[in-house]
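A look at the structure
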Amino acid sequence: MVTTEQQENLEKIIVNRWIRPVFQPIISLRDGSVLGFEALSRVSQPGLFDNVEEMFQSAEELGCIWMLEQVCRRAILHEVHEQMEALDQYHAKIFINVSPKVLHDEKFREGFTREYTKRYGIDTERIVFEVTERERVEDEQSFRQAIDHYKMQHYQIAIDDVGSGYAGLNRICSLTPGYIKLDIGLVRDVYKNPIKYAMIKGMVEFSHNSGILLIAEGIETQKEMEMLIDLGVQYGQGYYLAKPEPQLYFDNRQAVGEILEKNTFNHMHNHLGVKKYYIKNLMRKGLTVAPHVTVEAVLSYMKHHDEVVGICVVDQEQVTGVLTREKLFQKLSGQYGFSLYHKKNIGDLAEKNFLMVDANTSISSVAKIAMEREMDALYDFIVVKEEDKYAGIVTIQDLLKKAMEIDVDLAKCANPLTGLPGNIVIDQEVKESVESGRKCTIYYFDLDNFKAFNDVYGFEKGDEVIRILADVLKKNAGSNDFVGHIGGDDFVMICEGFQPFAFSEKIRTEFEQRAHMLYKEEDRARRCIQACNRHGVVESFPLVSVTAVSASNEREPFPNYDEVVSTLAGYKKAAKTRKRELATY
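These remarks concern the structure in this document. (Residues numbered from 1 in each chain as written. Predicted model: local features only at pLDDT ≥ 70, side-chain atom pairs only at ≥ 80, totals over all residues. Heavy atoms only, no water.)

**Some details on the packing of helix H2 (residues 52-62) against helix H3 (residues 65-82)**
Running from amino to carboxyl end, H2 crosses H3 at an angle of 140 degrees, the nearest separation of the two axes being 7 Å. When the interaxial angle is binned, H2 and H3 end up oblique. Residues Met55, Phe56, Ala59 and Glu60 of H2 lie in contact with H3, whose contacting residues are Ile65, Leu68, Glu69 and Cys72. In the contact of H2 with H3, the residues fall into 6 nonpolar, no polar and 2 charged. (Axes fitted to C-alpha atoms, helices over the stretch in contact; angles between N-to-C directions. Helix = DSSP H or I, 4+ residues; strand = E, 2+ residues; numbered from the N terminus. Parallel < 35°, antiparallel > 145°, perpendicular 65-115°, else oblique. Contact = heavy atoms within 4.5 Å. Nonpolar A, V, L, I, M, F, W, Y, C, P; charged D, E, K, R; others polar.)

See the structure below:
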């Protein structure tokens, strides 16, 4: 019920346009770049509404939601126009919240014609309407027609608050939005909630198959962010990344560093075979019993089989409960424990809240979830299912032992300077690419004039140049691509499919823009440095650059591993020779 004071305050806000927008960045969980900014409305005068949702709810009840949203949108568009230079700098989109009840209103359409947005200098392609899932749509047909209208005008659509509202997957399927925003309720504590983990994992699979991108809302901790990265969610927003601010700005270097570090770690795991170490490879069958078996019978069996860590209660191939050896004995201990429970069915005594994972889940993912459980369940065994049926169990001891082996393998194979996989893994990846026949492009990257830079500016700066190239390669790598560091200033990259010439040029340009900033101003101005050559004679050397050569199986299969390596070495030598000839000329 709206009070008289709330009604008066709302009228003041609308009449005086006391709304100011703030903007919260939406960040790539792969490289930390800015996808866009969600525009949020705040009351510019204090003491009128403590809660923005309360203000919109009051407007809804009083029938003036349209007028309030109009004030909000005008303020947003005006502020975006004022900060257009910043928006262009990030190549970012603007996400605007829209009520489904307003979206198909003719007045709303008038406010978002091409002419109207052009007045503010905003292309329609940069505007994303966030349609909330929290509100019921009375007329679905007219709502879908409105969505289609805006799509034809090149606006984009995001379904907001997915996982908390009315329409669920039906609305997503009928509207085919460009983005799905996962509700904060799904994101909160996802790293220790197996149900939330499973739901988001399913949404990621849906995203891959449909091409609809996911944005996780309300990220408030590093653990939440890292779990979302592990799951493959593409974008995120929340206070851990950035709070809403009046400026179109993002500069959380710590979070970006953590995103890049986590993706690098995952990338290494993927290509060191850790993803091939599925949890099913650690699985043992375990003891299964029907729900009606008595506690006394289970106890008798366990007393004669010390190797049994616990039981899974299975009914028609579905796990309905679990009970560890330790917890069973605890329940039966004490003065009355045995007499109370020994005649009961084991299904009544088994615990219903347990961790169950798919057989094809990676060991690293399972270890992370398992170790985030509550203390009383931390060392319980893990149930494994395959094709939605019971398959076996994995003990924490086996899980941690394998995880330690994996960490040792990583330490042995990674390059200490860049953290990228080294020669052993590179050889494995190139051989696998050649022998599998999958369509790919294999790149060899090498720095030019690096020795001269190293001699003049020192090894510390030289290491920074190498790290810059590694970072540029990682940022341009796709989720299924591989980047390895042979050593020194040599790198290998294996890209899925066939890449145009512009791809390597983009890498070269990005690298040079960053690396050249390490030079002194006078060296940058003359585009060269003075240094002694191999014979001790002072010579001019161009600024450091990149040679990139590649081989692909676009037209014909790779012959064999040795020939691919030999071909790339020949290409590199020829490219270096051409560069020297051009410099001499």
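**Here we look at unusual backbone geometry**
Even without glycine at this site, Glu317 takes up a positive phi of about 70 degrees. Considering the arrangement of structural elements, one finds Glu317 in the loop between strand S10 (310-315) and strand S11 (318-324). Overall, Glu317 belongs to the partly exposed group, its relative accessible area being 45%. The phi torsion at Asn449 lies on the positive side, around 60 degrees, for a residue other than glycine. On the secondary structure map, Asn449 appears in the loop between strand S15 (440-448) and helix H21 (450-457). (Buried < 20%, exposed > 50% of the residue type's maximum accessible area, 1.4 Å probe, protein only.)

**Digging into the pattern of salt bridges**
Pairing of side chains with opposite charge becomes possible as their charged atoms draw close. Applying the stated criterion across every chain, the model contains 28 salt bridges. One salt bridge connects Asp230 with Lys262, and the closest N-O pair in it is separated by 3.3 Å. Of the two residues, Asp230 sits in helix H12 (residues 222-231) while Lys262 sits in helix H13 (residues 253-271), which places them 32 residues apart along the sequence. Where Arg284 meets Asp398, a salt bridge forms, and the shortest distance between an N and an O atom there is 3.0 Å. (Salt bridge = Lys/Arg side-chain N within 4 Å of Asp/Glu carboxyl O.)

**Thoughts on the sheet that holds strand S14 (residues 389-394)**
Here 3 strands make up an open sheet; going across it, the order is S12-S13-S14 and the pairing mixed. Two strands bound the open sheet, and with one partner strand each, they are strand S12 (356-358) and S14. Taken pair by pair, the neighbouring strands of this sheet meet at an average axis angle of 35 degrees, ignoring direction. Summarising the sheet, S12 and strand S13 (residues 382-386) pair through 3 bridges and their orientation is parallel. Among the inter-strand pairings, Met356 is bridged to a residue of S13, identified as Val383. (Pairing = 2+ DSSP bridges.)

**Some remarks on helix H23 (residues 501-515)**
Spanning 15 residues, H23 covers 21 Å between terminal C-alpha atoms, matching the ideal 21 Å at 1.5 Å per step. Every buried residue belonging to H23 is among Phe503, Ser504, Ile507, Phe511, Glu512 and Ala515, and all of these are buried. Angularly, the buried residues of H23 cover 160 degrees about the axis, an arc narrow enough to put them on a single face. Every exposed residue of H23 that faces more than 90 degrees away from the buried side is listed here: Phe501, Ala502 and Gln513. In this structure, the buried residues of H23 make contact with S15, helix H22 (459-476), strand S17 (490-496) and strand S20 (545-552). (Expected span 1.5 Å × (residues − 1). Arc of directions from axis to C-beta.)

Coordinates in, geometry out; function isn't part of it.
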